[in-house]
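# A structural walkthrough
Here is how the chains run, residue by residue.
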Amino acid sequence: MSQSDELRAVATPEELAAETLAEARAEASTLTSRAGADEAVEADQDAAAAAATRTPAAATTPAPAAGKGSLWRDRNFLTLWSGQALSQFGAQITELAIPVLAVLMLDATEWEVGVLNAAQVAAFLVVGLPAGAWIDRMRKRHVMIVADGVRAVALGTLPVLALVGALEIWHMIVVALILGVATVFFDVSNQSIIPSLVRTDQIAEANGKLQSTEQLAGLAGPAVGGWLVGVLAAPLAIFLTVGTYLASFVALLFTRDHERLRSPDDHKPLVHEIAEGLRWVFGNPLLRRIVGTTGVANFFGTMATTLLPIFALRELGLTPQMVGIVFSLSAVGGLLGAIATPRIVKRLGEARAIPISAIAFSLAPFFLPAISLVPALAFPLLVVQFFVMSFTILLYNITQVTFRQRITPPRLLGRMNASIRFVVWGVMPIGALLAGALGTWIGTVPTLWIAASGELLACLFVVIGPFWGMRELPDAHEEHGTGGTGAAASEDGGGAEPGR
C-alpha cells in the first residue's frame, strides 16, 4: 500500500483488501481516521529493506510459498488478530460513549468539551516525535501489553465513578490524557510488529486482514455504540470497551514473536534521529505543501468535531443512536473512497487528485453550520456531509501517503511519518482548546462557521502549487535527481535531503 503501480492501474478487490485499505485510515481529523494506518505499509517496506541487506545466500533463498488465506490457519496470528478485532470494535464504542457521557450526563460546557477533546489528542503533540524512536529500541509486543493494561485500568475508572455518582469532568480529562499516551505507544508498536510475527511474503496479507477488520469496526462500531449508549447508558457501554482491551491484553500474552532488539551500538542520539526526519520532510517542497494542507485542515476540522457532540445532541436534539448511524455511514464513505481511489487517480492523474480532493473536503464542512438553518433536515444533511468528507479525505490521504512512502528511504520511514504527524496531529489539541474557548464566548454555531471558513483555506497550499502542472508525482529517483531509488541513494550517503 510497487505503490505507484497500484495507483496507476485498476486494483483488484484482493489488492484493495491487502493494500489500499491498509492506508485508508491516515492522518485527518475525521470520524473515520483518528488512528492512522500508514505504518501498516511501513512494516512491509521495512521488511523489504531488511531483506535487501541480508547476505547473498540468504537473499537468494526463496521464501516458502504462502497459500491464499493461509494466515487463517496460523494460530499465532489468529491469537493477535482476535484481540485486535475486539479492541478496535470497543474503541469505536468509546469514541461515541465518552462525549455522550460528558454532554448528556455531566452537562459539560463548550470549554470543558474542548479541554476533554484536547486531552485525547495531546499525546501526539507531547510524545509524537520521540515515540517512534523510543519504540524502535523496545520489544513491540511488550509495549502493547503494557499499553493495553494501562488503557483498561484508566478507562475502567470512568464507569465505576459514574455508577457511584462521583464522576466529574476533570476525571474524564485525566483519563483522556492517559489513554492518549498509551494509544500512541500501542498504535506505533501495533503497526510495526507484523514482520516479527509472520513470514516476509505474508506481511501484506497480515496487514490487509488487520486493516480490513479495523475498517469493518469503523462501519459497525459507531452504530452499535449508539444503540448500547441508548439502551445501557454510556457508563455500561464503556465497560464493554474495557473488556475488549483486556481481551487484547490476554491475546498478546499468548502471542509469540521473533523480534530482535537493535544493538545499542546502532542507536544514535534521539535529537539527531528526530532532526534527520524533520529535515527530510521540510526539505521537500511537495511534502511541505501537503503537510500545510493536512495540518490546517486538521486544526479547523478538530474545532468542528470538538463541538459536534454539543451541536448534534444538545442543539439539534439528535439521539446517540442517530449520531452513531451518522458515524457508521461516514465510514461507508471512507471505504468507498478507498475502493474508488485507484480508478479516480488513473483518470485524473496522481498529482491532480491531491488538489481536487482537497477542494472537495474543504468545501464540505460548510454543511455543518448550515444545518442550523434547516434543523428538520439535520440527520440526512449530517449523513451527506460526513459521507462526502470521508470519501474525499480517503482519496487525498491514500494518494499523498503513497507518494511520501514511495520517495522516502526505508530507514527514514518511521521518522518521516512521526515528523508529519507531529505537525498534522499536534495541532489538534490546540484546535480543540480554541473551539472550547470560542464556543463559550460566541456560541457553538458561530464557531462552526469559523471552523468551516478556516478549512476552506487549507486547500490553498496544494491548489496554488505545482500539482496542476503534473499528472504523476515524482518517483524517488526523479525527486532526488539520482539514477537509483531513494533507498539506494540513502545507503551511500547520497540523496539524503530531498527537494533541491
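Residues numbered from 1 in each chain as written. Predicted model: local features only at pLDDT ≥ 70, side-chain atom pairs only at ≥ 80, totals over all residues. Heavy atoms only, no water.

## Considerations on the packing of aromatic side chains
Each pair of aromatic rings is reported with the distance of its centres and the angle of its planes. For the record, the criterion: Two rings from Phe, Tyr or Trp (for Trp, the six-membered ring) form a pair when their centres are within 6.5 Å of each other. A pair whose planes differ by under 30 degrees is stacked, one over 60 is edge-to-face, and the rest are tilted. When accessible area is computed with a 1.4 Å probe and restricted to protein chains, residues below 20% of their type maximum are described as buried, those above 50% as exposed, and intermediate ones as partly exposed. Helix numbering and strand numbering both begin at the N terminus, where a helix is a DSSP run of H or I of at least 4 residues and a strand a DSSP run of E of at least 2.
Per the stated rule, a full pass over the model turns up three aromatic pairs. Each ring, one from phenylalanine 299 and one from phenylalanine 300, has its centre 5.0 Å from the other, and the planes form 85°; the classification is edge-to-face. In this structure, phenylalanine 299 and phenylalanine 300 share a single accessibility class: buried. Between the aromatic rings of phenylalanine 366 and tryptophan 449, the centroid separation amounts to 6.3 Å while the plane-to-plane angle is 50°, which identifies the pairing as tilted. Of this pair, phenylalanine 366 sits in the loop between α15 (350-363) and α16 (367-370) while tryptophan 449 sits in helix α20 (residues 444-458), placing them 83 residues apart in sequence. For phenylalanine 366, a relative accessible area of 25% puts it in the partly exposed group.

## Quick word on the packing of helix α8 (residues 140-163) against helix α11 (residues 234-253)
How we decide: Only the contacting stretch of a helix is used when fitting its axis, a line to C-alpha atoms as for every element, and angles between N-to-C directions run 0 to 180 degrees. Reported orientations rely on four angle classes, namely roughly parallel under 35 degrees, roughly antiparallel over 145, roughly perpendicular from 65 to 115, and oblique for the rest. Crossings are sorted by hand: turned counterclockwise from the far helix by less than a right angle, the near helix makes the crossing left-handed, and turned clockwise it makes it right-handed. For this classification, Asp, Glu, Lys and Arg are treated as charged, while Ala, Val, Leu, Ile, Met, Phe, Trp, Tyr, Cys and Pro are nonpolar and the rest, including Gly, are polar.
With their axes 8 Å apart at the nearest point, α8 and α11 run at an angle of 160° to one another. For the element pair α8 / α11, the angle class is roughly antiparallel. Seen from above, α8 lies across α11 with left-handed handedness. Here the residues of the contact of α8 with α11 are counted per class, giving 18 nonpolar, four polar and three charged.

## Description of the confidence of the model for the protein
Note the cut-off: The quantity known as pLDDT measures the predictor's confidence residue by residue, on a range of 0 to 100. Pairs of residues are marked as contacts when any of their non-hydrogen atoms sit within 4.5 Å.
Scored by pLDDT, the protein has a mean of 75; 72% of the residues are at 70 or more. Long-range and interchain partners of residues 1-68, a stretch whose pLDDT sits below 50, account for 179 contacts in this model, where long-range means more than four residues apart. Low pLDDT (under 50) marks residues 477-500, which in the prediction has 39 contacts with non-local residues, meaning those over four places away or in another chain.

## Topic: the packing of helix α13 (residues 285-315) against α20
Helix-helix packing is characterised by the crossing angle of the two axes and by the distance between the axes. Contact pair α13 / α20: the axes reach a minimum separation of 8 Å and the direction vectors enclose 155°. Judged on the interaxial angle alone, α20 and α13 are roughly antiparallel. The element α13 and its partner α20 pack so that their crossing is left-handed. Along its contact with α13, which presents Thr293, Val296, Ala297, Phe300, Gly301, Met303, Ala304, Leu307, Ile310, Phe311 and Glu315, the element α20 presents Thr444, Val445, Thr447, Leu448, Ile450, Ala451, Gly454, Glu455 and Ala458. Across the contact of α13 with α20, the residue classes break down as 13 nonpolar, five polar and two charged.

## Details of the pattern of salt bridges
Operational definition: A side-chain nitrogen of Lys or Arg and a carboxyl oxygen of Asp or Glu constitute a salt bridge if their distance falls within 4 Å.
Evaluation of the coordinates by the stated rule reveals three salt bridges. One salt bridge in this structure joins arginine 314 and aspartate 107, with 3.3 Å as the shortest N-O distance. Within this pair, whereas arginine 314 is found in helix α13, its partner aspartate 107 is found in the loop between α5 (75-105) and α6 (110-126), the two being separated by 207 residues in sequence. With relative accessibility at 35%, the residue arginine 314 sits in the partly exposed group. For the salt bridge of arginine 471 with glutamate 472, the shortest nitrogen-to-oxygen distance reads 3.5 Å. Given the relative accessible area of 28%, glutamate 472 is considered partly exposed.

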